[in-house]
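Here are the chains, one letter per residue:
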Amino acid sequence: MTADSTSLCARVYEWFGLDWLADNAQAFVATPLRIVLIIVVAAVARVLINRSIRRLTERTASGQVPTILKPRRTKGATNHQQVVEQVAARRTQRAEAIGSVLRSFASIVVFFIAVVLVLGELGINLAPIVASAGVVGVALGFGAQNLIKDFIAGIGIILEDQYGVGDVVDLGEASGTVEAVGLRITRLRDVNGVVWYARNGEVLRVGNKSQGYAQVVIDMPVAHDTDLERCRTVMQEVGDAVYAEPEWAEVLLGEPESLGVEAITPQAIVMRLQVRTTNADQWRVGRELRMRLQERFATEDIRIPVMVTPAAVGPS
């Protein structure tokens, strides 16, 4: 018996005058007090760590936008404000997701350390437990490697801001609007309303159609005998007219450009018009430009050739 335990026994005997309590003071008094102290310290440490993580994520989400994340200069204060709000919302989403992961990881580490210390106070030999945990961990690692791969890929997707809720993305086999981004799966809905669930570990490439800005490209086929310079001028006039209207000026980030001949095929000559727009309005802008180009072509007598698909000839 050590001097500390002897002193404790003597003090307990002086306080209570009970021989059996003094003889077992280490088991009945010291060990429970140390276990309670471990639990209290673990709880306080968890609260402090979670508070620090929460403050860090809140500062990251609501702080000033870093230079690397600042949007490009856009036409008008409204466009600039929309881009700033979009960047801030995406940063808030990423900060909350990473904060949740860090808090869960910190809680697991604190809980594991507290359990090990409590078992040590109870006199339990930890060597077999640690060895068994190692074997179980290896077995789970082999069995759940796809799950771990999905979680690690999900953290990378969130940290790198590859896509977020509301983005229109192409994941290869599935494409559509992202409805939820988790650590394991991504849920998106396509144009037909079908909901797709994609495992993050299986996402090899991502085509994000709505991040930053969008480029609307309009290809119009015309007949071979068309005055191409006149056609290019007409397309430019249509684009400039849309750009000059207040309704569309807020969503067009640059002046439309009529690029001229894009391709020559046996059926038609393809003329191209392109314009940079906000990502949320790219499809609306594309539909409006196509409608106006069609109407103007009809007015200017610019013919769009009819593509005739040859019918298959069957056996007689």
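Data block above holds the structure.
Below you will find a few notes about this structure. (Residues numbered from 1 in each chain as written. Predicted model: local features only at pLDDT ≥ 70, side-chain atom pairs only at ≥ 80, totals over all residues. Heavy atoms only, no water.)

**Quick look at the overall build of the protein chain**
Of the regular secondary structure elements, the protein chain holds 9 helices and 8 strands. At a minimum sequence separation of 6, the contacts of the protein chain that also span at least 24 residues come to 62%. Carbon and sulfur atoms make up 61% of the accessible area of the protein chain, which totals about 20,000 Å². (Helix = DSSP H or I, 4+ residues; strand = E, 2+ residues; numbered from the N terminus. Contact = heavy atoms within 4.5 Å. Areas by Shrake-Rupley, 256 points an atom, 1.4 Å probe, with all protein chains shown as cover.)

**Quick notes on unusual backbone geometry**
Phi angles above zero are rare outside glycine, and aspartate 301 is one such case at about 60°. By the secondary structure assignment, aspartate 301 is in the segment after α9 (282-299).

**A short note on the pairing of strand β7 (residues 257-264)**
Relative to strand β8 (residues 269-277), β7 is paired through 6 bridges, and the arrangement is antiparallel. Paired with serine 258 across the two strands is leucine 273, which belongs to β8. (Pairing = 2+ DSSP bridges.)

**With respect to the nonpolar core**
Met235, Val285, Leu293 and Phe297 are the most contacted members of the largest nonpolar core, which has 21 residues in total. Contributions of two or more residues to this core are made by β6 (214-222), α7 (228-244), β8 and α9. Of all the elements, α7 adds the most residues to this core, at 5 residues. Excluding residues within four positions of it along the chain, phenylalanine 297 makes contact with Met220, Val222, Cys231, Val234, Met235, Ile302 and Ile304. Core analysis: the second largest hydrophobic core is formed by 11 residues, Ile98, Ile157, Val178 and Val203 among them. (Core = buried A, V, L, I, M, F, W, Y, C linked by side-chain atoms within 4.5 Å. Buried < 20%, exposed > 50% of the residue type's maximum accessible area, 1.4 Å probe, protein only.)

**Overview of the sheet that holds β7**
With respect to topology, 3 strands assemble into an open sheet ordered β6-β8-β7, the strand pairing being antiparallel. In this open sheet, the two edge strands, each paired with only one partner strand, are β6 and β7. When the angles between neighbouring strand axes are averaged without regard to direction, this sheet yields 30°. Across the sheet, α7 lies against β6, β7 and β8, angled at about 25° from β8, the strand it touches most. (Axes fitted to C-alpha atoms, helices over the stretch in contact; angles between N-to-C directions.)

**Things to note about a nonpolar patch on the surface**
Judged by side-chain polarity, Phe105, Val109, Phe112, Ile113 and Leu117 come together as a nonpolar surface patch covering roughly 510 Å² of accessible area. Following the sequence through the fold, leucine 117 ends up in helix α4 (residues 77-121). Overall, the relative accessible area of 45% leaves leucine 117 in the partly exposed class. (Patch = residues over 30% accessible without salt bridge, like charges linked within 9 Å, V, L, I, M, F, W, Y side chains within 5 Å. Salt bridge = Lys/Arg side-chain N within 4 Å of Asp/Glu carboxyl O.)

**Some remarks on the environment of leucine 171**
The residue leucine 171 is located in the loop between β1 (168-170) and β2 (175-181) in this model. When the C-alpha atoms of leucine 171 and alanine 198 are compared, they prove to be 8.3 Å apart, with 27 residues separating the residues in sequence. Apart from residues no more than four positions distant in its own chain, leucine 171 is found in contact with Tyr163, Leu188, Ala198, Val203, Arg205 and Val206.

**Things to note about the environment of aspartate 170**
With respect to the secondary-structure elements, aspartate 170 resides in strand β1. You can call aspartate 170 partly exposed: its relative accessible area is 23%. As a C-alpha pair, aspartate 170 and asparagine 208 span 38 residues in sequence and 6.5 Å in three-dimensional space. Among residues more than four places away in sequence, those in contact with aspartate 170 are Ser175, Arg205, Val206, Gly207 and Lys209.

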